[in-house]
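Listed below, chain by chain, are the residues.
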Amino acid sequence: MGFRKKSKSPPVLSHEFVIQNHADMVSCVAMIVLLGLMFEMTAKFAIMFITVQYNVTETLDTEDKPEPVSYYTYGPKDMATVFFYLLIAIILHALIQEYILDKINRRLHLSKTKHSKFNESGQLATFYSFSFIWGCSILTNEEFVTNPTFLWEGYPHIHMAFQVKFFYICQIAYWFHALPELYFQKVRKEDIPRQLYYICLYIFHITGAYVLNLHRLGLVLLVPHYLVELLFHASRLFYFNDFWIVQTVVKRPGLCLSRRFTLWALLFVITRLLTLTVSVLTFGFGLSRTDNQGFSLAEGNFNVLTVRVTCLSAICLTQAWMMWKFINFQLKKWREQSQIQASKKKAVSPKSRPSKKDSRGETFLKVIFSLVLI
């Protein structure tokens, strides 16, 4: 892991050397890009990696005087910007891991499986919280709350505000950075397929919304989804912390801690229904009834039946897959709780329970003792 002090250095360019020092290597690449701004010959190329490209200025007619307003579109140069912020995401990932999560892990003394899940939840909870706050701040400037038809009115939405485009650039860069992190973090082989599934789904859906000029719909769907995922990973972090307290302080390993996920389970189902409702409303009723129908790469218009059906099918299949995983997760938790309750019942010895004969004998002695006193 980057930024760590190791007593024994592994061979140069070996797997262990790259894993331990990958953040330092990535920092050097990012510094080279930043140094390119200092020279006139390389500044034009370096600025393509750092700043948001494809600026478009339009003039809005107001009562007093015309005001210029800056918007942004997308293009091939965005790949360079995504690459640079991918490097920044790797560096931030290493910093959070080294200075926050590793210090907490040393105190908790978790097993290898729980250690891996704790690191995953710590990283994702940080990202989801930041993205949720950022997405809410963008939506407060939009008209979705008062006018939901802004999702499809005026399509194609080729012009984006700076915050919207930079939000999507950072989202795409983060989920692309998660692919090499599977190697840098030494993720277990049995966990790689699960993480690859949701990483690829994020890249597919976010990039699709960005390229198809559906950034309004994508933003509206991402914000509640990130809230639900934030609750899940925060609950799992608290679960591991409570697990450590139960095991070390309370010393009751059978104590049930799964109530942390109750709120998440409720909001998860509500969010899936909300996602399906908004998607069907947008693709089935909104875009299908707009005047601007057709397919044009130059204009950024993808409002044809094939694209609408494909997008709606992808969203519905993803929601169905997530519900299937959710049901399996709940069944697994239910089996664990039933096993814990069964073990508690077995722990109660039958000798500790008073028999019917003993209870009758005790009542008989009490009656005799009361008569003697009279």
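What counts and what doesn't
- Residues numbered from 1 in each chain as written.
- Predicted model: local features only at pLDDT ≥ 70, side-chain atom pairs only at ≥ 80, totals over all residues.
- Heavy atoms only, no water.
- Salt bridge = Lys/Arg side-chain N within 4 Å of Asp/Glu carboxyl O.
- Helix = DSSP H or I, 4+ residues; strand = E, 2+ residues; numbered from the N terminus.
- Buried < 20%, exposed > 50% of the residue type's maximum accessible area, 1.4 Å probe, protein only.
- Core = buried A, V, L, I, M, F, W, Y, C linked by side-chain atoms within 4.5 Å.
- Contact = heavy atoms within 4.5 Å.
- 1 Å grid on protein atoms, 1.4 Å probe; cavity = no way out; pocket = protein on both sides within 12 Å on 5 of 7 lines; lining within 4 Å.
- Points joined across faces, edges and corners; volume = space filled by probe spheres on them.
- Nonpolar A, V, L, I, M, F, W, Y, C, P; charged D, E, K, R; others polar.
- Axes fitted to C-alpha atoms, helices over the stretch in contact; angles between N-to-C directions.
- Parallel < 35°, antiparallel > 145°, perpendicular 65-115°, else oblique.
- Left-handed = near helix turned anticlockwise from the far one by under 90°.
- Expected span 1.5 Å × (residues − 1).
- Bend = angle between axes of the 7 residues up to and from the residue.
- pLDDT = per-residue confidence, 0-100.
- UniProt positions renumbered as here; feature names shortened; annotations may be inferred.
- Phe/Tyr/Trp six-rings, centres within 6.5 Å; stacked < 30°, edge-to-face > 60°.

Some thoughts on the pattern of salt bridges
Counting across every chain of the model gives 6 salt bridges. Residue K165 is joined to D78 by a salt bridge in which the shortest nitrogen-to-oxygen separation is 3.1 Å. Taken together, the residues K165 in helix α5 (residues 162-184) and D78 in helix α3 (residues 78-108) connect sequence positions 87 residues apart. Each member of the pair, K165 as well as D78, carries the same accessibility label: buried. The salt bridge partner of R188 is D191, with a shortest N-O separation of 3.2 Å. Judged by relative accessible area, D191 falls into the buried class, the value being 8%. Here the salt bridges do not stand alone but share partners, grouping E120, R194 and R236 into one network.

Thoughts on the nonpolar core
Counting 65 residues, the largest nonpolar core has Y128, Y168, W175, I206, L214, Y226 and F283 as its most contacted members. Looking at this core, the elements with two or more residues in it are α1 (15-35), α3, α4 (112-139), α5, α6 (192-211), α7 (215-250), α8 (262-286) and α9 (305-347). Looking at which element gives the most residues to this core, the answer is α5, with 13 residues. Apart from the residues within four sequence positions on either side, F283 is in contact with L214, L217, S288, R308, C311, L312 and I315. L101, F240, A265 and F326 belong to the second largest nonpolar core, which has 15 residues in total.

Points about the layout of surface pockets
Considering only enclosed or pocket space, the second largest pocket measures out at about 700 Å³ in volume. In terms of lining, the second largest pocket is formed by 31 residues, of which the most central are Q97, H115, N119, Q185 and K186. For the lining of the second largest pocket, the secondary-structure elements that each account for two or more residues are α1, α3, α4, α5 and α6. Class assignment of the residues belonging to the lining of the second largest pocket gives a composition of 11 nonpolar, 10 polar and 10 charged.

Considering the packing of α3 against α4
The geometry of α3 relative to α4 is characterised by a closest axis approach of 10 Å and an angle of 135° between their N-to-C directions. It follows that α3 is oblique to α4 by the angle criterion. α4 is crossed by α3, and the crossing has right-handed handedness. Listed contacts from α4 to H93, I96, Q97, L101, I104, N105 and L108 of α3 are H115, F118, N119, G122, Q123 and T126. Looking at the contact of α3 with α4 residue by residue, the classes come out as 5 nonpolar, 8 polar and no charged.

A look at empty space enclosed by the protein
Counted according to the given criterion, the structure contains 1 cavity of 30 Å³ or more. A volume near 40 Å³ is recorded for the largest cavity. Y155, L212, L214, F283, L287, F302, V307 and R308 are the residues that line the largest cavity.

Topic: α3
In a regular helix each residue adds 1.5 Å, so 31 residues correspond to 45 Å; α3 covers 42 Å between its end C-alpha atoms and thus fits that length. Q97 marks where α3 bends most, by close to 40°. Note on α3: the residue one or two positions beyond its end, H109, has a positive phi of about 55°.

Details of the confidence of the model for the chain
Here the chain averages 84 in pLDDT, and 84% of its residues register 70 or above. Confidence over residues 244-257 falls short of pLDDT 50; this stretch has 17 contacts with residues more than four positions distant or in other chains. For the stretch residues 351-374, pLDDT sits under 50, and the model shows 1 contact to residues farther than four places along the chain or on other chains.

Focus: the UniProt feature "transmembrane region" (unreviewed entry) in the chain
As recorded in UniProt, the sites labelled "transmembrane region" (unreviewed entry) are residues 82-101, 196-213, 219-240, 261-285 and 305-324. Helix makes up 96% of residues 261-285 and strand 0%, and the two end C-alpha atoms of the span are 35 Å apart.

Details of the packing of aromatic side chains
For the structure on display, the rule yields 37 aromatic pairs. Note on F49 and F83: the rings are 6.4 Å apart at their centroids and 70° apart in plane angle, and the pair reads as edge-to-face. Note that F49 is positioned in helix α2 (residues 40-50) and F83 in helix α3, a separation of 34 residues in sequence. You can call F49 partly exposed: its relative accessible area is 23%. Relative to W175, the ring of Y128 has its centre 6.4 Å away and its plane inclined at 45°; by these criteria the two rings are tilted.

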